[in-house]
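One-letter residues, chain by chain:
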Amino acid sequence: MNTNILTFGITGSGILLLLVMTFGSAYSQTPTLGDPFYVEQTKATGIRVLDVTHGPKIEVSFAGNGTINGTMNVMDIGTIWTIPTNASENEFYGQGQGVLTTQQGEMVTYTQQATGEITPEGKVVFQGTMFFKALSPTGQLASLNNQIGVYNYESDLAGNAVRQVWAWR
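What you are looking at is a predicted structure, and each value in this text was computed from that prediction instead of being measured. Per chain, residues are indexed from 1 in the order of the written sequence. Side-chain atom pairs in this predicted model are given and counted only at pLDDT of 80 or more, local residue features only at pLDDT of at least 70, and totals for whole chains, interfaces and linings cover all residues. In computing side-chain values, all of the structure's heavy atoms are included and hydrogens and water are not.

*Asks:* So what's going on with the sheet that holds strand S1 (residues 38–51)? Residues and values would help.
*Replies:* As summarised here, the arrangement of the eight strands in space is S1-S2-S3-S4-S5-S6-S7-S8, forming a closed barrel in which the pairing is antiparallel. Taken pair by pair, the neighbouring strands of this sheet meet at an average axis angle of 25°, ignoring direction. When DSSP finds two or more bridges between a pair of strands, those strands are recorded as paired. Strands are runs of DSSP state E lasting at least 2 residues, helices are runs of H or I lasting at least 4, and numbering of each runs from the N terminus. Where strand S4 (residues 91–102) lies against strand S5 (residues 107–118), eleven bridges are found, and the strand directions are antiparallel. Its bridge partner being in S5, Leu100 is matched across the sheet by Val108. Geometry is summarised by axes, namely lines fitted to C-alpha atoms with helices restricted to the contacting stretch, and by angles between N-to-C directions that run from 0 to 180 degrees.

What follows is the structure, given as structure tokens:
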């Protein structure tokens, strides 16, 4: 809780203090991760430089296959761009988007944001969030509509990657 706000609340009004405390407790939840609901393996399919003005902004396209809840197979195609946040430490920020498609043609889109690094072994590791949007209110992927996921991503030097996604509950 921000002590400046708390001090202002105490000196300003008891009502404001109550609002700050209520707001602080309502949004202090921690995620319950459990087992990942989505696991995928992808391969980089393209790479390009988008900008070099403030450090290289690199775009990577990828495609691969995944499994939702251990039973539903999907194909993933997507793109992510990254920029260095601390080049001397090999740290990056990235944003992306993609589409998961079932074998029957049902789709869900997602956007993602992440921070990551290049490890001393040369692996690219990201941790981030995904926001899913189902294109159909019914069907196999409807439960992903408005789902938030947190993920761990790891890629080798050849562009082979594994991502695990946990539902934020």
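*Asks:* So, the pairing of strand S6 (residues 124–134): which residues are in play, and what are the values?
*Replies:* Here S5 pairs with S6 via eleven bridges, running antiparallel. Looking at the pairing, Gly116 lines up with Phe126 of S6. The antiparallel pairing of S5 with S6 creates a hairpin that spans five residues between the two strands, and Gly122 there sits at a positive phi of about 90°. Strand direction decides the pairing type here: S6 and strand S7 (residues 148–155), joined by eight bridges, are antiparallel. Bridging from a neighbouring strand, Phe126 pairs with Tyr153 of S7.

*Asks:* With reference to specific residues and values, describe a nonpolar patch on the surface.
*Replies:* Where nonpolar side chains cluster on the molecular surface, the patch consists of Phe131, Ile148 and Trp168 and spans about 250 Å² of accessible area. Note on exposure labels: buried denotes an accessible area under 20% of the residue type's maximum, exposed denotes more than 50%, and partly exposed covers the range between, all computed with a 1.4 Å probe on protein chains only. By relative accessible area, Ile148 is classed as partly exposed at 33%. Exposure above 30% relative accessible area and no salt bridge define the residues that can form patches, which grow by joining like charges within 9 Å and nonpolar side chains of Val, Leu, Ile, Met, Phe, Trp and Tyr within 5 Å. The Shrake-Rupley method, run with a 1.4 Å probe, gives the accessible areas here. Residue values count only the displayed protein chains as cover. A pairing counts as a salt bridge when a side-chain nitrogen of Lys or Arg comes within 4 Å of a carboxyl oxygen of Asp or Glu.

*Asks:* Give a description of the pairing of S7 that names residues and reports values.
*Replies:* Strand direction decides the pairing type here: S7 and strand S8 (residues 160–167), joined by seven bridges, are antiparallel. Within S8, the residue paired with Ser155 across the bridge is Ala161. Between the antiparallel neighbours S7 and S8 lie four residues, among them Gly159 with a positive phi of about 90°.

*Asks:* Just give me the short version of the pattern of salt bridges, but keep the residues and values in it.
*Replies:* Tallied over the entire structure, the rule returns four salt bridges. A salt bridge links Arg163 to Glu40; its shortest N-O distance comes to 3.0 Å. One end of the pair, Arg163, is in strand S8; the other, Glu40, is in strand S1, and 123 residues separate them in sequence. With respect to class, Arg163 is no different from Glu40; both count as buried. Of the charged contacts, one joins Lys123 and Glu154 as a salt bridge, the two residues approaching to 3.1 Å between their closest N and O atoms. Highlighted residues: Lys123 in the loop between S5 and S6 and Glu154 in strand S7, separated in sequence by 31 residues. According to the relative accessible area criterion, Lys123 is partly exposed, its value standing at 35%. Linked through salt bridges whose partners overlap, the residues forming this network are Glu40, Asp76 and Arg163.

*Asks:* Break down the packing of aromatic side chains for me, with residues and values.
*Replies:* Between rings of Phe, Tyr and Trp, where Trp is taken as its six-membered ring, a pair exists when centres lie within 6.5 Å; planes separated by under 30 degrees are stacked, by over 60 edge-to-face, and by other angles tilted. Applying the stated criterion across every chain yields a total of four aromatic pairs. Their ring planes at 65° and their centres at 6.0 Å tell us that Trp81 and Tyr93 sit as a pair that is edge-to-face. With Trp81 in strand S3 (residues 72–86) and Tyr93 in strand S4, this pair connects stretches of sequence that are twelve residues apart. Taking relative accessible area as the criterion, Tyr93 reaches 22% and is therefore assigned partly exposed. Residues Tyr110 and Phe132 carry aromatic rings whose centres are separated by 6.1 Å and whose planes lie at 55° to one another, so their mutual orientation is tilted. A residue pair is termed long-range when its members are at least 10 positions apart, and Tyr110 in strand S5 and Phe132 in strand S6 qualify at 22 residues. Across the pair, Phe132 and Tyr110 agree in class, each one buried. Placement of a charge over a ring requires the Lys NZ or Arg CZ to be within 6 Å of the ring centre, with the centre-to-atom vector within 35 degrees of the ring normal. In this structure, Lys57 is placed above the aromatic ring of Trp81, and the distance from its NZ or CZ to the ring centre is 4.2 Å. Above the ring of Tyr151, the side-chain terminus of Arg163 is found at 4.8 Å from the ring centroid.

Geometry only, nothing functional implied.
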